[in-house]
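# Working through the structure, step by step
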Amino acid sequence: MRQMALIELVDISKSFDGELVLDEFNLKIKENEFITLLGPSGCGKTTTLRILGGFETPDTGRVMFQGEDITDLAPNKRQINTVFQKYALFPNMNIAENIAFGLKISGKSKEYIKDKVKYALKLVNLSGYEKRSVDSLSGGQQQRIAIARAIVNEPRVLLLDEPLGALDLKLRQEMQYELIRLKNELGITFLYVTHDQEEALTMSDKVVVMNQGYIQQMGTPEEIYNEPENAFVADFIGDSNIIDGVMMEDRIVKICGCVFPCIDEGFGKKKPVDVVIRPEDIIIGKPGEGILDGVVTSNVFIGVHYEMCIEAGGFEWLAQNTVSYPVGQKVSIRVTPENIQIMNKPQSEDEEALALDE
Amino acid sequence: MKKVLKGIYLALIILFLYLPIFTLMVLSFNEGKTMNAWTGFSFRWYREMFSNRTIMEALGNTLTIAFWAAAAATVVGVMACIGLNAMKEKHRSFFMGLNNIPLLNADIVTGISLMLSFLLFGISLNYGTVLFAHITFCIPYVILSVMPKFRQLENHTFEAALDLGASPAYAFFKVVLPDIMPGIISGFLLSFTMSVDDFVITHFTRGAGINTLSTLVYSQVKVGIRPTLYALSTVIFAAVFVILILVNIISNKREEKRA
Amino acid sequence: MSKKIFSGPFLAFMLCGTIIPLGVIAYYGITDRSGAFTFENIKAITTGEHWEALMLALMLALISTVICLLIAFPLGLILKDSKLGKKGFMVFIFILPMWMNFLLRTMAWQVLLEKNGIINQVLGFIGLPSLHIINTPAAVVLGMVYDYLPFMILPIYNALIKIDKNVIEAAYDLGAGFRQVLQKVIIPLSVPGIVSGITMGFVPSLTTFAVSNILGGGKVNLIGNIIEHEFTTGSNWNLGAGLSLVMMIFIVISMALIEKFDRNGEGNII
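Treat the numbers as computed from the prediction; the structure is a model and nothing was measured.

### Focus on the overall build of chain A
The helix and strand inventory of chain A stands at 9 helices and 20 strands. When the backbone C-alpha atoms are referred to their principal axes, chain A occupies close to 75 × 45 × 45 Å. Classification of the 358 residues of chain A by burial places 51% in the buried group. Pairs at least 24 residues apart make up 65% of the contacts formed inside chain A by residues separated by at least 6 positions. When the accessible surface of chain A is summed, it comes to about 16,700 Å², and 48% of that surface belongs to carbon and sulfur atoms. Taken as two groups, the 37 positive and 55 negative side-chain charges of chain A have centres that lie 8 Å from each other.

What follows is the structure, given as structure tokens:
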């Protein structure tokens, strides 16, 4: 039997000042999932979250929670809590009071509240911070308090709106692990919104890539990264070479005038397509050894590997390799067939959207 | 429903705020001297107001005192900010505390204390004493407007200008002054308004011979209301309205330019 | 040469315009006409007429401040939430009267409230009993509310729009209803605005003599009227100065109380 969706968004549309932000948006979220909405700013991900939290009402469509329609339910009546982008801690209360806010509202006993606050602080590694003021905490600490404040209420779903956006890189990575740990310990559903693809890939069970109010692709992080369904996803997730190609026949694609073997089938014959090749999948060799010959035009060391541009076949290829090839050196490139991703060319934006809606 | 209630609430407050002002406006065009009956439309009270020497003199005094008080307070206030910023934190906060006294003190006490001092030191009350009093109570407003700008100021721009060969005076006028200009302007305008608006302090520090609009209105209201004052109210309200709209438009345009 | 010297004129004005005059008023307050030391001028506050005037002033100032607060706070909330594109213009409408000379504004109420004034004409026209509040404390309170309402609206509105929208949403998100959000989040966070609104209205109301003169018709005697009288027609300056000193003490006490309220509300913020 199919597991029933905990949350279901049905045909949600929403526009602000005549600008359509969400267009007949559909999404199902299962119990205990860590789902990430990923997309550039203005793609509708935050609006989706706010509709779920009850802060916006959709123009059309319904929000279902365990099969019940909660579209018009006030935010304070939902079993959903939000961690806001800028934490939104109450500046007039200390840390314990902040965390206890929801519990006091629901009329829990003093002992219960005290224990819960203590437990929540321990959970976010800030034991003993009860009496501290909000201002005395660093951004990362405030973020953890915001999370603690939300989870003490034992919500069924936790909505997180770019919660790590204001933190620096190192802290962000730490917090990512912390969030995964929390999710596993608490067993609640996380709906996470971010524009940072690395964050999305690291933490999620399922990633929903959004653009201009539409879902572009939905899948596990591996699926999203390895098999992007269209040029937008490929471009947005990681670095990639997106090249015009022609599908000659099944398993054969022509790029830059050269024939590359691939593993895709069913595109038809002589069909123009987009070809996606990840920079780390480009194998560099001596001239003549590969499929295309070219020249290294730039080379930057970026830590683990070198990032090089290779001019070959009239296209500038982005390639990553642990071996450095100096600028000016003649090289060859090739790609193993399973690393070549073939995508249909979108005819127009509308058609692209239609194709994705199905 | 809720929206309607909110609308009614707003409307009631607007009515409360503007009913008196508009009543005066209507009455100012009334032909007759009585305020109980409408006897016909006329500009009579406006003509009388503009030909009334006492009113015109009071208007002149109000504007010149406000201008000179605001100008002097601005110069003194800006200089004070430069000086205070060069002081140690402890001294500066002490003087800033002093600066708050005239702001928090009741006008009547400020007025009386100045009057007593003038008379004690044998200074007869006249235009000059009013001006002095106004400068005194305007300075704190200038300092409060300009000081935050000074504190925000990139200290290094001044040093950078010196480093590039500018003299301290040149650096101040070319680099620092433009940065704190918004504070100076708002300090000047605030002082000007405070001075125009003041009644209590002027009441005690003016001699018998001089009037500002406030003191004139007060003495005339005590005697009995005159329709010329309605005309005066209308003119003042119209002037204030136009000036504020213009200020709004100008500052909006400036913001647009910046954006 | 130190830059400190630029503060010279400021210090001179502070000395001559504020500190010396305060010394002078204190001197007058504790001496009699012949210049001999006395506490009589200060003790004079306990005489019936003076004490009543002080208490009446405190009461009317308190009532008018509370009324201003009760009007201004909901107004601020409505303005904050209004999605009107002309939000700035709406706020402008409510504070515009601030720039109008307050004596003329007070005079307008005299015209409206007169026995045969506009309000009574309208009331009579629609068959309602006429209103007799001119020359009573009620009229003075009305005048105070009218004069200082814009000074209450502006700081409260400014404090309210500074509250992070997310903080309010977070409170709702955590299960609070409107009343709880108001009580636990919005009001505590707008305390600084409330305090400055109170300061701007309470002290002038407490010390006024013009409003009570114009709308009280000489029948409502506040402490301000008594002091003013001593310096003009009464010409007992020492008594006036003594009463002023007492009034200042009351101002300082009320400011301290307000300040305490401010700290209690804001204490957690800092």
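Let's pick the thread back up.
### Describing the packing of aromatic side chains
Across all of its chains, the model carries 39 aromatic pairs over all chains by this definition. Arranged with centres 5.0 Å apart and planes meeting at 25 degrees, the rings of Phe29(B) and Tyr46(B) form a pair that is stacked. With Phe29(B) in the loop between α1 (2–28) and α2 (44–51) and Tyr46(B) in helix α2, the pair connects residues that are 17 residues apart, well separated along the chain. Among the aromatic residues, ring-to-ring pairing joins Phe199(B), Phe204(B), Tyr218(B), Tyr27(C), Tyr28(C), Phe102(C), Phe209(C), Phe231(C) and Trp237(C) into one connected group. One residue, Arg149(A), lies across the ring of Phe90(A), its end atom 4.7 Å from the ring centre. The positively charged end of Arg278(A) is found above the aromatic ring belonging to Tyr225(A), 4.1 Å away from the centroid.

### A short note on the domain arrangement of chain A
Domain assignment breaks chain A into domain 1 (5–226) and domain 2 (239–357). Its C-alpha centre places domain 1 of chain A at a distance of 38 Å from the equivalent point of domain 2 of chain A.

### Details of the sheet that holds strand β5 (residues 68–69) of chain A
Working definition: the strands of a sheet are paired by backbone hydrogen bonds and lie parallel or antiparallel to each other. Residues and elements named next belong to chain A. Sheet architecture is open: 4 strands sit in the order β2-β1-β4-β5, paired in antiparallel fashion. The open sheet has two free edges, formed respectively by β2 (19–30) and β5, since each of these has just one partner strand. Strand contacts of helix α1 (residues 45–53): β1 (5–16), β2 and β4 (60–65), with the helix running at about 120 degrees to β1, the strand carrying the most contacts.

### Overview of the arrangement of the chains
Where 2 pairs of chains are in contact, the pair with the most contacts is made of chains B and C. Separated throughout, chain A and chain B approach each other most closely at a C-alpha pair spaced 16 Å apart.

### So, the interface of chain A and chain C
Taken together, the contact between chain A and chain C spans 24 residues of the former and 19 residues of the latter. Carbon and sulfur atoms make up 59% of the surface buried where chain A meets chain C, a total of about 2,000 Å² over both sides. Summed over the three residues of chain A that lose the most area to chain C, namely Asn76(A), Asn92(A) and Ile105(A), the buried surface amounts to 29% of that side. Inspection of the chain A/chain C interface yields 1 salt bridge.

### Considering a nonpolar patch on the surface
Taken together, the side chains of Leu120(B), Phe121(B), Ile123(B), Leu15(C), Ile19(C), Ile20(C) and Tyr27(C) present a nonpolar region at the surface, about 620 Å² in accessible area. The element best represented in the nonpolar patch is helix α1 (residues 8–29) of chain C, accounting for 4 residues. Note that Leu15(C) resides in helix α1. Judged by its relative accessible area of 44%, Leu15(C) is partly exposed.

### With respect to the pairing of strand β18 (residues 315–321) of chain A
When you tally the buried positions in β18(A), you get 5 out of 7 residues, the bulk of the element. Where strand β17 (residues 306–312) of chain A folds back onto β18(A) in an antiparallel hairpin, the turn is made up of 2 residues, including Gly313(A), whose phi is positive at roughly 60 degrees.

### What to know about the interface of chain B and chain C
In this assembly, 72 residues from chain B lie in contact with 71 residues from chain C. Surface buried jointly by chain B and chain C totals about 6,700 Å² across both partners, of which 83% is contributed by carbon and sulfur atoms. The largest contributions to the chain B side of the interface with chain C come from Phe16(B), Leu17(B) and Leu116(B), which together make up 9% of the buried area. Run the count over chain B and chain C and you get 0 salt bridges. At the junction of chain B and chain C, the tally comes to 6 residue pairs in polar contact (both at pLDDT 80 or more). Among the elements that line the side of chain B that touches chain C, the one with the most residues is α1(B), at 14 residues.

### A closer look at the environment of Met152(C)
Residues and elements named next belong to chain C. Tracing the sequence through the fold places methionine 152 in helix α7 (residues 137–162). Between the C-alpha atom of methionine 152 and that of glycine 201, which follows or precedes it by 49 residues, the distance is 7.2 Å. If near-sequence neighbours (up to four positions away) are discounted, methionine 152 is found in contact with Thr65, Cys68, Leu69, Ala72, Ile194, Gly197 and Ile198.

### Focus on a negative patch on the surface
Residue and element names in this part refer to chain A. Negative charge collects at one region of the surface, where Glu222, Glu223, Glu227 and Glu229 lie side by side. Locating glutamate 227 in the fold gives a position in the loop between α7 (221–226) and α8 (231–236). Looking at glutamate 227, the relative accessible area reads 47%, which means it is partly exposed.

### Focus: the sheet that holds strand β6 (residues 80–83) of chain A
Residue and element names in this part refer to chain A. Taken in spatial order, the 6 strands make up an open sheet running β6-β7-β8-β3-β9-β10, and their pairing is mixed. Looking along the sheet, the strands with just one partner apiece sit at the ends: β6 and β10 (214–219). Going across the sheet, the axis of each strand differs from the next one's by a mean of 20 degrees, ignoring polarity. Two strands pair when backbone bridges link them, and strand β3 (residues 34–38) and strand β9 (residues 206–211) are joined in this way by 4 bridges, in the parallel orientation. By the bridge assignment, threonine 36 is partnered in β9 with valine 207.

Conventions adopted
- Within each chain, residues carry numbers counting from 1 in the order of the written sequence.
- Chain labels run from A onward and ligand labels from 1 onward, assigned in the order the entries are written.
- With pLDDT at 70 or above as the cut-off, local features in this predicted model cover only qualifying residues; side-chain atom pairs require 80 or more to be listed or tallied, and sums for whole chains, interfaces and linings still use all residues.
- Side-chain numbers here rest on the full set of heavy atoms in the structure, without hydrogens or water.
- Only DSSP runs of H or I with at least four residues qualify as helices, and only runs of E with at least two residues qualify as strands; both kinds are numbered from the N terminus onward.
- Burial classes follow relative accessibility: with a 1.4 Å probe on protein chains only, a residue under 20% of its type's maximum area counts as buried, one over 50% as exposed, and anything between as partly exposed.
- It only takes one pair of heavy atoms within 4.5 Å for two residues to be counted as in contact.
- Computed with the Shrake-Rupley method and a 1.4 Å probe, the accessible areas treat only the protein chains shown as cover for residues.
- In this tally, Lys and Arg are treated as positive and Asp and Glu as negative; His is ignored, and so are the chain termini.
- To locate a charge, the coordinates of NZ of Lys, CZ of Arg, CG of Asp or CD of Glu are taken.
- Put simply, two rings from Phe, Tyr or Trp (the six-membered ring, in Trp's case) pair if the centres are within 6.5 Å, and we call them stacked under 30 degrees between planes, edge-to-face over 60, tilted for the rest.
- By definition here, charges over rings are those cases where NZ of Lys or CZ of Arg is within 6 Å of the ring centre and within 35 degrees of the ring normal.
- Each domain's extent was defined by an automatic or database domain assignment.
- Here, a strand pair is defined by DSSP locating no fewer than two bridges between the strands.
- Angles here are taken between N-to-C directions and fall from 0 to 180 degrees, while the axes themselves are lines fitted to C-alpha atoms, restricted in helices to the stretch in contact.
- In short, buried area is how much 1.4 Å probe accessible area vanishes from two parts on joining, totalled over both.
- Note on definitions: salt bridges are taken to be side-chain nitrogens of Lys or Arg within 4 Å of carboxyl oxygens of Asp or Glu.
- Surface patches are defined over residues having more than 30% relative accessible area and no salt bridge, joining like charges when they lie within 9 Å and nonpolar side chains (Val, Leu, Ile, Met, Phe, Trp, Tyr) when within 5 Å.
- By the criterion applied in these results, polar contacts are pairs of N or O atoms within 3.5 Å in which, for protein atoms, one can donate a hydrogen and the other can accept it, and in which residues neighboring in sequence qualify only through two side-chain atoms.

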